[in-house]
Amino acid sequence: MKNPPGARTCHVVFQVGAGASEGRLAALKGRGVAGAYRYVRGAAAGTAKADDAVEYGTTDAALAALELAPADVWRTLAGLLHLGNVCFDGGDDADSSVGAASAATLAAAEELLGLRGLARDLTIHEVQAGGGRLSLHESPLTAEQAAHSRDSLAKRVYLHLFDGLVRSLNESLRPIGGDAGAGRTWIGCLDVFGFELI
């Protein structure tokens, strides 16, 4: 979950940082994007070709026109950015916990993503065993394992967001009364600008 130095990835995050109103940024618990979030740290903050504020307006308007709930998209992305900043205390052989300095960041991620109990879920591995009777065994994770757990969750949620956007986009573009299986007209989507994998 690292950007190569100078690479411009996840354009939409920079668009939100540059173009969202103060009210929307406050609702997203946002702050300046360049360097503020681990998942986009190291990415190039701008390019000579792109005006992120204008592109944000265009992206937001397009999502709204296609009835793709832009507020939900922005909230999910903001939640993932906050989740990526959650750090863990504990060593290689010690039980991990969410770092005290990350408490507010974790709370913001939980609120934006609509989740609860992430501190426990990210630091404990549960194994369910069967064999006639079910038992549940909990193993504490190290700080490194908890960080992998955090990043895996972020990637999974992001994948669902991206797949949902593509699915909704295809539904929105289908002709009225058109059959999805007819296959006469379709749009192949190799990449949706700005939503590259983080």
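Look up a bit, the structure's there.
Owing to the predicted nature of the structure, the values given are computational and were not obtained by experimental measurement.

### Examining the overall build of the protein
The helix and strand tally for the protein stands at seven helices and four strands. Overall, the protein shows an N-to-C arrangement of helices and strands of α-α-α-α-β-β-α-α-β-β-α. Taking contacts inside the protein between residues at least 6 apart in sequence as the whole, the part at least 24 apart equals 67%. Element-wise, carbon and sulfur atoms account for 55% of the exposed surface of the protein, whose accessible area totals about 11500 Å².

### Overview of the side chain of T142
Residue position: T142 is located in the loop between β4 (135-140) and α7 (143-173). A relative accessible area of 14% places T142 in the buried class.

### Considerations on helix α5 (residues 103-113)
Every buried residue belonging to α5 is among T105, L106, A108, A109, E110, L112 and L113, and all of these are buried. Of the residues flanking the end of α5, it is G114, one or two places downstream, whose phi is positive at about 70°.

### Some words on the packing of helix α1 (residues 11-19) against helix α3 (residues 52-65)
For the pair α1 and α3, interaxial distance at closest approach is 7 Å and the crossing angle is 105°. On the basis of their axis angle, the class for α1 and α3 is roughly perpendicular. Contacts from V12, F14, Q15, V16, A18 and G19 in α1 reach D52, A53, E55, Y56 and T59 in α3. Partitioned by chemical class, the residues of the contact of α1 with α3 number six nonpolar, three polar and two charged.

### Observations regarding helix α4 (residues 70-84)
Relative to the 21 Å expected for 15 residues at 1.5 Å per residue, α4 spans 21 Å between its end C-alpha atoms, a close match to the ideal helical length. For α4, every residue scored as buried is listed here: P70, V73, W74, T76, L77, A78, G79, L80, L81, H82, L83 and G84.

### What about the environment of H82?
On the secondary structure map, H82 appears in helix α4. Take H82: its relative accessible area is 4%, and that puts it in the buried class. Distance in space between the C-alpha atoms of H82 and A154 is 10.0 Å, their sequence separation being 72 residues. If near-sequence neighbours (up to four positions away) are discounted, H82 is found in contact with L28, K29, G30, Y37, T105, A108, A109 and L112.

### Observations concerning the pattern of salt bridges
Counted according to the given criterion, the structure contains eight salt bridges. Among the ionic pairs, R38 bridges to D151, the shortest N-O distance being 2.7 Å. Placement of R38 in the loop between α2 (22-27) and α3 and of D151 in helix α7 is noted, with a sequence separation of 113 residues between them. Of the charged contacts in the structure, one is a salt bridge between E126 and R120, with a shortest N-O distance of 3.1 Å. Judged by its relative accessible area of 35%, R120 is partly exposed. When salt bridges that share partners are traced, they join R120, D121, E126 and E138 into one network.

### Digging into the packing of aromatic side chains
Inspection of every chain in the model, using the stated rule, returns one aromatic pair. For the pair Y56 and W74, a centre-to-centre distance of 5.3 Å together with 40° between the ring planes defines the contact as tilted. Of this pair, Y56 sits in helix α3 while W74 sits in helix α4, and the two are 18 residues apart along the sequence.

### Description of the nonpolar core
Counting residues in hydrophobic clusters, the biggest one holds 38 residues, and the most contacted among them are V16, V40, V73, W74, L77, L83 and F88. Excluding its chain neighbours within four sequence positions, the residues that come into contact with L83 are A109, L113, L118, L122, R150, L153 and A154.

### Examining the packing of α4 against α7
The interhelical angle for the contact between α4 and α7, taken along N-to-C directions, is 165°, at an axis separation of 10 Å. Here α4 lies roughly antiparallel to α7, going by the angle between them. The element α4 and its partner α7 pack so that their crossing is left-handed. Contacts from V73, T76, L77, L80, L83 and G84 of α4 reach α7 at R150, L153, A154, V157, Y158, L161 and L165. Of the residues in the contact of α4 with α7, the class split is 10 nonpolar, two polar and one charged.

What counts and what doesn't
- Numbering of residues starts from 1 in each chain and follows the order in which that chain's sequence is written.
- The predicted nature of this model means local features are confined to residues of pLDDT at least 70 and side-chain atom pairs, given and counted, to a pLDDT of 80 or more, with totals for whole chains, interfaces and linings taken over all residues.
- The side-chain quantities take in all heavy atoms of the structure and omit both hydrogens and water.
- The secondary structure listing takes helices from DSSP runs of H or I that are at least 4 residues long and strands from runs of E that are at least 2 residues long, numbered from the N terminus.
- In this analysis, two residues are considered to be in contact whenever any of their non-hydrogen atoms come within 4.5 Å of each other.
- Per-residue and other accessible areas were derived by the Shrake-Rupley procedure at a 1.4 Å probe size, with only the shown protein chains allowed to occlude residues.
- The classification of residues rests on relative accessible area computed with a 1.4 Å probe and restricted to protein chains. Under 20% of the type maximum is buried, over 50% is exposed, and intermediate values are partly exposed.
- Helix axes use the C-alpha atoms of the stretch in contact, all axes being lines fitted to C-alpha atoms, and the angles between their N-to-C directions lie in the range 0 to 180 degrees.
- Roughly parallel covers angles under 35 degrees, roughly antiparallel covers those over 145, roughly perpendicular covers 65 to 115, and oblique covers all other angles.
- Gly counts as polar in this scheme, as do all residues outside two lists: the nonpolar Ala, Val, Leu, Ile, Met, Phe, Trp, Tyr, Cys and Pro, and the charged Asp, Glu, Lys and Arg.
- Given a helix with a known number of residues, its expected span is that number minus one, times 1.5 Å.
- Counted as salt bridges are all cases of a side-chain nitrogen of Lys or Arg within 4 Å of a carboxyl oxygen of Asp or Glu.
- Each aromatic pair joins two rings of Phe, Tyr and Trp (for Trp, the six-membered one) with centres within 6.5 Å, and gets the label stacked for planes under 30 degrees apart, edge-to-face for over 60, and tilted for any other angle.
- To define a nonpolar core, start from buried Ala, Val, Leu, Ile, Met, Phe, Trp, Tyr and Cys residues and group those joined through side-chain atoms within 4.5 Å.
- Note on convention: near helix rotated counterclockwise from far helix by under a right angle means a left-handed crossing. Clockwise means right-handed.

Function cannot be inferred from these measures alone, as they are strictly geometric.
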